[in-house]
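# Working through the structure, step by step
These are the residues of each chain, in order.
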Amino acid sequence: MLDIRPSRLLLSFVYTLMVLIPKVYAHEHHGHAISEMAPPAAKAVNSTVLGTDYHALDSYYLWKEDKMLLYSHIVTMVISWVFVLPFVLAFNLSRSPLYYPTQLAFVGGNFLGVVCSMMYNVRTPDLYPNNVHHKLGLMIIGLLTIHTIMGMIWRRSSGSARSVGSTKKLESSYTPLYTSTDEEEELDDLVVSPPRVSGDSGLGAERSSSSEHSTELGHDHNHHRDRDSDSFPQVICSTRMGSFLQRHAPYMFTPTVMRVNDLFSSLVIRLLPIIGFVQITAGLVVITGIFVGSNVLNGLAHTVKGGIFFWYGVLTFGRFLGAFGEYGWAWNIRPLSNSKWAKRVPSCEMVESSLILFYGTIDVFLEHLAAWGHAWTHMDLEHESIAILFFGGGLCGVLLESKAVRDLLYLNPQDDEDHSQYMQPSHETFTDHRAPRRTKATYNILPSLVLFLLGRSMSGHHQSSSLSVAMHTQWGQLLSYAGVARVATYVLLYISPPRSTVPSRPPTEVVAAFCLMAGGLIFMLSNKDSIAGFEKYGYEESFIFTLISALTAFLMGWITVFMAIKGWRMRRAQGK
């Protein structure tokens, strides 16, 4: 009978990927070597189509042949990273069994995209030599392959460990994988589980009341354990690997090894959206052929800084929707928790101020790097002033968020003086000079102030063309509006502080998130090469602004869908 279980299909994908990629990659380099003698038409494209001010001399965008392979690569990657990956994240964070098939779809989409890309590279000349998009793509495939293999070994070893009676110590620290009722009935015929202690529901590991190790790990360890262990159905089969793991899993996969695997898995799954964003951005750069020669640093500066503001907006919108509410970041009161990690997480304002301080510290020394050895100009001094603004504003924000500094600021210089002079005439009591009671909310507006001042400064920044001036004005004003919206949020919280652990969702944060995301994307597009291309093809600033606004609204809606799916699966898991 044909075995079509997701685990077998995923193993087939991984095996095919590991076999085909080296062969296609070798053939790709061979094809590029042969094509070096073939593409004189590509060398003439730049002089006939583009002007000398546009630096995309040889680009895949202008290459007319084999477009369907390029479009197939783009479509499959966009579907995988934009539409499938959010479901992977939602099902993983909600510990849903649906994570397994969505991971299969995600890996399969990446496999098809890589195959289309390599076939296209074999048929075309290397128009962007030594680009980071190809290298990062191979690294991502390797990372996904390692992540998938480690996950499957984890699941099989967990199942094998349960069938060995000598693994009670391992089970006391780790919960075996969740199985549905039907799957558990099937597994009873294959695996003889060890006897459970009283009070165990059968969904968790055997717990010893005298185990101090489990108590020390607390809620934080249980959270990480449940996230991975409850995400997949049990996979136990009578294969050589299964037999090998059944014999040796208790000795190979110790609690330390499993904690490392859990940390690696958690880190990978949370970094995938940022990795995908970087890879898509690098792909657009390679297709258009920009950021070459002396404009590399200008392109990198705009792309990196604009990307930071974009993800800052994503974080802001996520906080509005309730993300990180367990740390008090969702404009709520931080819930009580036994987790040492949750107690040590600082406020979001502390994180923002620390990042601003870090950026200002390094940018003070790197701002003049592009013109190293040359005389300082007034524009250099302007950029250096912005770096000092970040340094000073970030330092002030960090100090105001420090509990030690706030305690020092609460000291009353009149404590040692005679209090009789403060006696009120109509009462027999003294005026209270004690430190005010700490509120549950923070009102640190320093990050917002830095953001507002940066936007105002860049709105009037001198540029070489009218389109560049207009685009810098657009993203500068958007950042300023984001700062104003955040200040309005603090005003609302000052008037009515949060009184619940439920996210309060101040409406001004939607405005701040939209302005940050749209401003960050326009910031990325305001580099010299992109503006030269816009001017060459007659794109106006209103068209670019409208396009970015529509894209931002779509992404915000898709983020809302992601958070709703995550909440739906979590409620299903809790039986509500």
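Structure's up top.
These lines cover the structure that appears in this document, whether it is placed above or below. In this text the structure is predicted, and so the values were computed from the model without any measurement. (Residues numbered from 1 in each chain as written. Predicted model: local features only at pLDDT ≥ 70, side-chain atom pairs only at ≥ 80, totals over all residues. Heavy atoms only, no water.)

### Section: the overall build of the protein
Counting its regular elements, the protein contains 20 helices and zero strands. Counting across all 576 residues of the protein, residues that qualify as buried make up 46%. Restricting the contact set of the protein to residue pairs at least 6 apart, pairs at least 24 apart contribute 80%. About 31,000 Å² of surface is accessible on the protein, with carbon and sulfur atoms providing 66% of the total. (Helix = DSSP H or I, 4+ residues; strand = E, 2+ residues; numbered from the N terminus. Buried < 20%, exposed > 50% of the residue type's maximum accessible area, 1.4 Å probe, protein only. Contact = heavy atoms within 4.5 Å. Areas by Shrake-Rupley, 256 points an atom, 1.4 Å probe, with all protein chains shown as cover.)

### Some thoughts on the packing of aromatic side chains
Describing an aromatic ring pair means giving the distance of the ring centres and the angle of the ring planes. Under the definition given, this model contains 20 aromatic pairs. Summarising the aromatic geometry, the rings of Y327 and W329 are spaced 6.4 Å apart at their centres and angled 65 degrees between planes, so their arrangement reads as edge-to-face. For the pair Y327 and W329, one class covers both residues: buried. Centre to centre, the rings of Y359 and F390 are 5.0 Å apart; their planes meet at 65 degrees, and the pair counts as edge-to-face. Taken as a pair, Y359 in helix α13 (residues 348–366) and F390 in helix α14 (residues 378–401) lie far apart in primary sequence, 31 residues in all. (Phe/Tyr/Trp six-rings, centres within 6.5 Å; stacked < 30°, edge-to-face > 60°.)

### A closer look at helix α11 (residues 296–321)
Count 3.6 residues to each turn of an α-helix, and residues three or four apart come out pointing the same way. Compared with the 38 Å implied by 1.5 Å per residue over 26 residues, the 37 Å span of α11 between its first and last C-alpha is a close match. Of the residues trailing α11, G322 is marked for its positive phi of about 115 degrees. (Expected span 1.5 Å × (residues − 1).)

### Digging into the packing of helix α17 (residues 466–495) against helix α19 (residues 528–537)
Any two packed helices are characterised by the angle at which their axes cross and by the distance between the axes. Relative to each other, α17 and α19 sit at 120 degrees, their axes nearing to 10 Å. Regarding the angle of α17 to α19, the classification is oblique. Every pair of crossing elements has a handedness; the one defined by α17 and α19 is right-handed. Two secondary-structure elements touch here, α17 through L467, S468 and M471 and α19 through I531, F534 and E535. Classifying every residue of the contact of α17 with α19 gives four nonpolar, one polar and one charged. (Axes fitted to C-alpha atoms, helices over the stretch in contact; angles between N-to-C directions. Parallel < 35°, antiparallel > 145°, perpendicular 65-115°, else oblique. Left-handed = near helix turned anticlockwise from the far one by under 90°. Nonpolar A, V, L, I, M, F, W, Y, C, P; charged D, E, K, R; others polar.)

### Looking at the packing of α17 against helix α18 (residues 508–525)
Two elements in contact, α17 and α18, have axes whose closest approach is 8 Å; the angle formed by their N-to-C orientations is 160 degrees. Taken together, α17 and α18 sit at an angle that is classed as roughly antiparallel. With respect to the hand of their crossing, α17 and α18 are arranged in left-handed fashion. Residue-level inspection shows M471, Q474, W475, L478, L479, Y481, A482, A485, R486, A488, T489 and L492 of α17 in contact with α18, the latter providing T508, E509, V511, A512, C515, L516, A518, G519, I522, F523 and L525. Residues of the contact of α17 with α18, tallied by class, amount to 17 nonpolar, four polar and two charged.

### Digging into the nonpolar core
Among the nonpolar cores identified, the biggest contains 60 residues, and F106 and L272 are the most heavily contacted of them. For this core, the element with the most residues is α18, which contributes nine residues. If sequence neighbours within four positions are ignored, F106 has contacts with S80, W81, V84, L85, V88, L144 and L272. L69, Y128, V286 and I290 belong to the second-largest nonpolar core, a separate cluster that totals 12 residues. (Core = buried A, V, L, I, M, F, W, Y, C linked by side-chain atoms within 4.5 Å.)

### Thoughts on the environment of D529
Tracing the backbone through its elements, the reader meets D529 in helix α19. Separated by 230 residues in sequence, D529 and G299 place their C-alpha atoms 7.5 Å apart. For D529, the side chain forms a polar contact with the side chain of N295, separated by 2.9 Å. (Polar contact = N/O pair within 3.5 Å; in protein donor to acceptor, adjacent residues only side chain to side chain.)

### Considering the environment of S457
If you trace the backbone, S457 turns up in helix α16 (residues 446–459). Given a relative accessible area of 26%, S457 falls into the partly exposed group. It is 9.4 Å that separates the C-alpha atoms of S457 and T473, two residues lying 16 residues apart in sequence.

### Concerning the pattern of salt bridges
For the coordinates displayed, the defined rule picks out four salt bridges. The partner of D66 in a salt bridge is R123, with the nearest N and O atoms 4.0 Å apart. A residue pair is termed long-range when its members are at least 10 positions apart, and D66 in the loop between α2 (40–49) and α3 (67–93) and R123 in helix α4 (residues 99–123) qualify at 57 residues. Residues R319 and E352 are paired through a salt bridge, measuring 3.6 Å at the closest nitrogen-oxygen approach. Here R319, found in helix α11, pairs with E352, found in helix α13; they are 33 residues apart in sequence, far enough to count as distant. The exposure classification of R319 matches that of E352, with both residues buried. Beyond isolated ion pairs, a larger network of salt bridges with shared partners links R319, E352, R486 and E509. (Salt bridge = Lys/Arg side-chain N within 4 Å of Asp/Glu carboxyl O.)

Purely spatial values, then, with no claim about function.
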